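Results of the structural survey
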Amino acid sequence: MTAYVGGTTGFGPPSWTTAGRPSSPVLGQLGWNTSLAQLEAWNGVNWQTLASTAYTIDYLLVAGGGGGGAPAGGGCGGGGAGGLLTAAAVSVSPGTAYVITIGAGGGGGASGGPGSSGVNTSGFSVTAIAGGGGAGYSSGLNGIAGGSGGGASGQQSSAYTGGAGTSGQGFAGGNNFSSANYGGGGGGGAGAVGGFGTTSTSGAGGIGVQSSYSGAAVYYAGGGGGGYTNSGATAGAGGNGGGGAGGASSTNGTAGGVNLGGGGGGGGYANTSGGAGGSGVAIIRYAGAVARATGGTITITGGYVIHTFTTSGTFTA
C-alpha cells in the first residue's frame, strides 16, 4: 500500500490491488484500486466504488434446447435449439449487480409423446427464449414453437409442421414428409430452419451460430435431428452447435450439447425416447488484462476478460 504527493497537483490516496486491500479497514478508509482502476472506500460493510465510470461489455446468451420427440410406429421430430442473443458495446455501471439466469434443457419425449421445451436464459434485461420440443409420433404432432422450433411428427401420411422460431433468436423446425415413409422434421437452429423429412431421411437439425466470445470459435444452438422411421427412412443428423442426432432403429435420440443450447434428437423407431435438450450458457467479455468484474468462471485471453456462466449467478460490474 503506497501513498504519494503529487507536487502542485495535490495529495494522492493510498493504492492497492483487489487482492491486497487492507485486511482491517476503518470506516471511510479511501484508496485507489489498481486492479479496477477505481477509487473506493470502506463503508463499514464492503468496499464501495466512488466516482464510478461506466464501461462496455459484449454478451452471448443461449437458452436451453428442446427435447426430441418419441416414436411409436413412425418418425418423430428433433428438438429446437435454444434462442441465441448477442450484443456488443453494452454499457454497465461498476458496482451494479446483474442477475444471470441459465436455462436447462427440456426432457426427451417418451411413449410416442413430444419432447419438452427448454428453459429461458436471461440477463441485462433481455431473454433468450427456450427451444421448442420436437413432435411425438402419436401426440403433439406439430413441433412446438420456441427460440427455435421443434420438428414435426412423421405420423402416417398427414402433413404436420415444425414449430415457429423467435425472430432474431432462431428458426422454425422442419415439416414432415406426408407420405408413406414418415420422415419427421429436424429441429430449428439459431442459424437455419430444421430439415424437412423426405422419402428416405428424417430432417437434419438446423445449424447454429458461431461466436468467439469465449476466446475460441464455437458454434451454439444447433437443432436436433428427426428420428428413424419404421419405413426405412434414416435418422437426421444434429445441427452444428450441439444438436443431438436422431436415433437409429431402436435407439434413443442423442442429447443436445450441454451449455450449447442444442436440441435433442428424436428417438428411433420402436419403444425409444427422444434425447434431452442441452442447457444454455451466458458469456460476457470486456477489453482488458485484469478482471474488473466478478461472477462466473473468469478467463483472460486475446485482450479480453471473459466471464462464463454455466449455471445461474450474478455478474457484478
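Anyway, here's the lowdown on the structure attached to this text. (Residues numbered from 1 in each chain as written. Predicted model: local features only at pLDDT ≥ 70, side-chain atom pairs only at ≥ 80, totals over all residues. Heavy atoms only, no water.)

1. Considerations on the overall build of the protein chain
Selection rule: Numbering goes from the N terminus for both helices and strands, where a helix is a DSSP run of H or I of at least four residues and a strand is a run of E of at least two. Only protein chains enter the area calculation, which uses a 1.4 Å probe; residues under 20% of their type maximum are buried, those over 50% are exposed, and those in between are partly exposed. Any two residues whose heavy atoms approach within 4.5 Å at even a single point are treated as in contact. Accessibility throughout is a Shrake-Rupley quantity obtained with a 1.4 Å probe, and a residue counts as covered only by protein chains that appear here.
In terms of helices and strands, the protein chain carries 0 helices and 16 strands. Counting only C-alpha atoms and orienting by the principal axes, one finds that the protein chain spans roughly 90 × 30 × 25 Å. Within the span of the protein chain, comprising 317 residues, buried residues form 50% of the whole. Of the contacts made within the protein chain by residues no fewer than 6 positions apart, 48% connect residues no fewer than 24 positions apart. When the accessible surface of the protein chain is split by element, carbon and sulfur atoms take 54% of a total near 11,800 Å².

2. So, the environment of Pro22
Summarising the element assignment, Pro22 is placed in the loop between strand S2 (11–16) and strand S3 (30–33). When the C-alpha atoms of Pro22 and Ala276 are compared, they prove to be 49 Å apart, with 254 residues separating the residues in sequence.

3. A word on a nonpolar patch on the surface
The criterion, for reference: Like-charged residues within 9 Å of one another, or nonpolar side chains (Val, Leu, Ile, Met, Phe, Trp, Tyr) within 5 Å, are grouped into patches, provided each residue has over 30% relative accessible area and no salt bridge. Here, a salt bridge means any side-chain nitrogen of Lys or Arg that lies within 4 Å of a carboxyl oxygen of Asp or Glu.
Taken together, the side chains of Phe171, Val193 and Phe196 define a hydrophobic patch exposed on the protein surface, amounting to about 270 Å² of accessible area. You can see Val193 is positioned in the loop between strand S10 (126–128) and strand S11 (209–211). With a relative accessible area of 43%, Val193 lands in the partly exposed category.

4. Describing the pattern of salt bridges
The full count for this structure, using the stated rule, is 2 salt bridges. Across the salt bridge formed by Arg21 and Glu40, the nearest N and O atoms sit 2.8 Å from each other. Taken together, the positions of Arg21 in the loop between S2 and S3 and Glu40 in strand S4 (residues 38–42) put the pair 19 residues apart, joining distant regions of the chain. For Arg285, the salt bridge goes to Asp58, with nearest N and O atoms at 2.9 Å. In this pair, Arg285 sits in strand S13 (residues 281–287) while Asp58 sits in strand S6 (residues 55–62), placing the two residues 227 residues apart along the sequence. The same class applies to Arg285 as to Asp58, namely buried.

5. Regarding the side chain of His307
What counts is decided by this rule: What qualifies as a polar contact is a pair of N or O atoms within 3.5 Å, subject to a donor-acceptor requirement within protein and to the restriction that residues adjacent in sequence count only when both atoms come from side chains.
Structurally, His307 is set in strand S15 (residues 304–309). Judged by its relative accessible area of 0%, His307 is buried. A polar contact of 2.8 Å, which involves the side chain of His307, links it to the backbone oxygen of Gly295. Each residue touching His307, except ones within four places of it in the same chain, is listed here: Ala282, Ile283, Ile284, Tyr286, Ala293, Thr294, Gly295, Thr297, Ile298 and Phe315.

6. Topic: the side chain of Ser211
You can see Ser211 is positioned in strand S11. Reaching out from Ser211, the side chain makes a polar contact with the backbone nitrogen of Tyr213 at a distance of 3.2 Å. Apart from residues no more than four positions distant in its own chain, Ser211 is found in contact with Leu60, Ala216, Ala217, Val218 and Tyr220.

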